[in-house]
Amino acid sequence: MESIFLTHNDSDKIEYKKIIEQTTNAIADSFTDEKAYAGPTPQELQAMVKQESILPEQGLGWEKVFESIKEKVLPNLLRTPSTDYMPHLHGPSLVENIAAELIISSFNQSMDSWDQSPVATEIEVDVINHLCKLYGYDDNSDGVFTSGGSQSNQTAIILARDWFCNTHLHYDIKKYGVNETCRKLRMYTSEISHFSMEKSAHILGLGYQSVVKVPVDSKKKMNIEALKNLIKEDIKNGNIPFLIVATVGTTDFGSIDPLDELSKIAIENNMWLHADAAYGSGVILSDKYNNRVKDLKLCNSITVDFHKMFLMTISCSAVLIKNKSDFNALTIHADYLNRTEDEEDGYTNLVDKSLQTTRRFDALKVWTSFQVRGKDGWSKLINTSMDNALYLYENLVHDHDFEVAAKPEISSVVFRFTNSQNADETNKQIRRTLLHKYGIVVGQTVNNGFVFLKFTLLNPLITKEKLDSLISLIRELGLKK
């Protein structure tokens, strides 16, 4: 029988090595220039990849399918390591993480029970313990890896809701579900926070009505006085404040909500404080800027994304909680999975802490990359990106052809070309032209009702000279419109 798995058999090993070598060679060979994108439009790509059937009557075999991948797929994938790629919180992948991904995929561990992931489980537990200490938590803390920031946020909101209902409403929502009183629960978050707050509220049966959006100030931070007034108004109207979600690195602006003040408000009102630090969590590794996120330790829970500022492959995220017992909200026993006698004998089944059952061994990427780079290497990577953002801001804020939305706190710069009769349309056309003609991918958003461009500077290979050249090109394109 032909090889279908990697096994101990020599023939299977040979086939595995051949396919992996072919693939790595083809990937490396596809990086032919500095462009982030080859340029095809959606219509061109649709025509290119359309198949009569992706499930033929007779299998085509690896070689023929691989030729199609080399011809149609590899040339048209985004080159996230390119210094011309900066639209979103989606960056390049460190090479050691790509190696870790090969291990993760080849061995295909499942992180729900110890007998599906023995050494992987022990590594995740150890990594979580180190992460808790990194962010200032004590030995009573815990955490778990997730699929991304949305799931980390959702997990934290579930734990906050159940903690509040048990502690302050004396109601077991895990057992009895959402009741009429739960309809009065309210969570408070910035008006520019991530959409996963509303999505989580919907999934949890609380509805969008439970999410109170708090105005931001000129620096794009949550307005503290507005928050206090909203909480007072809700209490007056019979609603029940239970959660504040601070954003530590908003998606567009990278702004950081004032955690110290929010913590005081949360304590005064018996509320849970969660930090959505999916973006800003990486700042903790900067010896120059980590003071900006020092108050994360004040939060009851923290979302950390490693596939953003930490430059790790998608997906890789975690949620950390100050009090490990709050994970009880997610615990449910199944005889086939997390047997009580195993756990009593020291077998850790991570499904007790996770919304997922089957889950990838993503902790290996953190375990590997942290050791490879060390504190000094990580600090240099983070500092470079944040220095670049400040450099770009200082240049643009004094340039009469441009307007900047806010001074960056992390590594995102939101700006627009203004020397045009119809600046909104001009900025839209600039982005499309950069994408399809030059292979340069930048972001676009809306600020105060106007169209802005966005550089999300995660790639430490970007130089100040590169930024200067990109702004010159944008100016040139803008003046042509």
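Before reading further, recall that the structure is shown in the block above.
None of these values were measured; they are calculated from a predicted model.

Engineer: What's the story with the packing of helix H5 (residues 118-134) against helix H12 (residues 363-396) in this structure? I'm lost.
Structural biologist: Between two packed helices, the angle of one axis relative to the other and the distance separating the axes together describe the packing. Here H5 crosses H12 at 60°, and the two axes come no closer than 9 Å. Considering their axes alone, H5 and H12 lie oblique with respect to each other. Note that H5 runs across H12; the crossing there is left-handed. Counting all contacts with H5, which are made through Ile123, Glu124, Val127, Leu131 and Leu134, the residues of H12 involved are Ala363, Val366, Trp367 and Phe370.

Engineer: Explanation requested: the sheet that holds strand E10 (residues 412-417) in the structure shown.
Structural biologist: Backbone hydrogen bonds hold the strands of a sheet together, and the pairing may be parallel or antiparallel. In space, the 5 strands of this open sheet follow the order E1-E11-E12-E10-E9, with mixed pairing throughout. Pairing within the sheet leaves two strands with one partner each, and these edge strands are strand E1 (85-86) and strand E9 (402-404). The pairing of E9 with E10 spans 3 bridges and is antiparallel. Looking at the pairing, glutamate 403 lines up with arginine 416 of E10.

Engineer: Explanation requested: the pairing of E10 in the structure shown.
Structural biologist: Across a regular strand the side chains alternate sides, sitting on one face of the sheet and then on the other. The element E10 is largely enclosed, with a buried count of 6 among its 6 residues. Side chains of E10 alternate between two faces, with Ser412, Val414 and Arg416 and Val413, Phe415 and Phe417 buried alike. With 4 bridges joining them, E10 and strand E12 (residues 450-456) adopt antiparallel strand pairing. Bridge pairing in E12 places phenylalanine 415 opposite leucine 453.

Engineer: How should helix H4 (residues 95-107) be read in this particular structure?
Structural biologist: An α-helical turn contains 3.6 residues, so any two residues separated by three or four positions project in the same direction. Here H4 contains 13 residues, and its C-alpha end-to-end distance of 19 Å stays within 8% of the 18 Å for a straight helix at 1.5 Å per residue. What H4 keeps buried is the set Glu96, Asn97, Ala100, Glu101 and Ile104. Projected down its long axis, H4 shows its buried positions confined to an angular sector of 145°, all on one face. Along its buried surface, H4 packs onto H12. Among the residues trailing H4, asparagine 108 stands out with phi positive, at a value near 55°.

Engineer: Even after reading the chapter, I still don't get the nonpolar core, so can you show me in this structure?
Structural biologist: Generally speaking, nonpolar side chains in soluble globular proteins are found buried as a group. Counting residues in hydrophobic clusters, the biggest one holds 63 residues, and the most contacted among them are Phe145, Leu227, Leu296 and Phe306. Tallying contributions element by element places H12 first for this core, with 7 residues. Discounting chain neighbours no more than four positions away, the residues touching leucine 227 are Tyr188, Val214, Met222, Ile244, Leu262 and Ile265.

Engineer: Would you explain the sheet that holds strand E3 (residues 185-190) in this entry?
Structural biologist: Reading across the sheet, the 7 strands line up as E2-E8-E7-E6-E5-E3-E4 and stay open at both edges, with mixed pairing between neighbours. Edge positions in the sheet fall to strand E2 (142-146) and strand E4 (211-214), since each of these pairs with one other strand and no more. With direction set aside, neighbouring strand axes in the sheet form an average angle of 20°. One ladder, built from 5 bridges, connects E3 with strand E5 (residues 240-247); its direction is parallel. Looking at the pairing, tyrosine 188 lines up with isoleucine 244 of E5. Across the sheet, helix H9 (residues 224-236) is in contact with E3, E4 and E5; its angle to E4 comes to roughly 150°. Its contacts with the sheet place helix H10 (residues 259-268) against E5 and strand E6 (272-277), and it is angled at close to 170° to E5.

Engineer: Can you walk me through the packing of helix H6 (residues 149-167) against helix H8 (residues 196-203) in this structure?
Structural biologist: For the pair H6 and H8, the least separation of the axes is 9 Å and the interaxial angle reads 50°. Accordingly, the angle class assigned to the pair H6 and H8 is oblique. In this structure, H6 meets H8 at a crossing whose hand is right-handed. Residues Ser150, Asn153, Gln154 and Ile157 of H6 lie in contact with H8, whose contacting residues are Ser196, Met197, Ser200 and Ile203. Residue composition of the contact of H6 with H8, grouped by class: 3 nonpolar, 5 polar and no charged.

Each value, and the rule that gives it
- Residues numbered from 1 in each chain as written.
- Predicted model: local features only at pLDDT ≥ 70, side-chain atom pairs only at ≥ 80, totals over all residues.
- Heavy atoms only, no water.
- Axes fitted to C-alpha atoms, helices over the stretch in contact; angles between N-to-C directions.
- Helix = DSSP H or I, 4+ residues; strand = E, 2+ residues; numbered from the N terminus.
- Parallel < 35°, antiparallel > 145°, perpendicular 65-115°, else oblique.
- Left-handed = near helix turned anticlockwise from the far one by under 90°.
- Contact = heavy atoms within 4.5 Å.
- Pairing = 2+ DSSP bridges.
- Buried < 20%, exposed > 50% of the residue type's maximum accessible area, 1.4 Å probe, protein only.
- Expected span 1.5 Å × (residues − 1).
- Arc of directions from axis to C-beta.
- Core = buried A, V, L, I, M, F, W, Y, C linked by side-chain atoms within 4.5 Å.
- Nonpolar A, V, L, I, M, F, W, Y, C, P; charged D, E, K, R; others polar.

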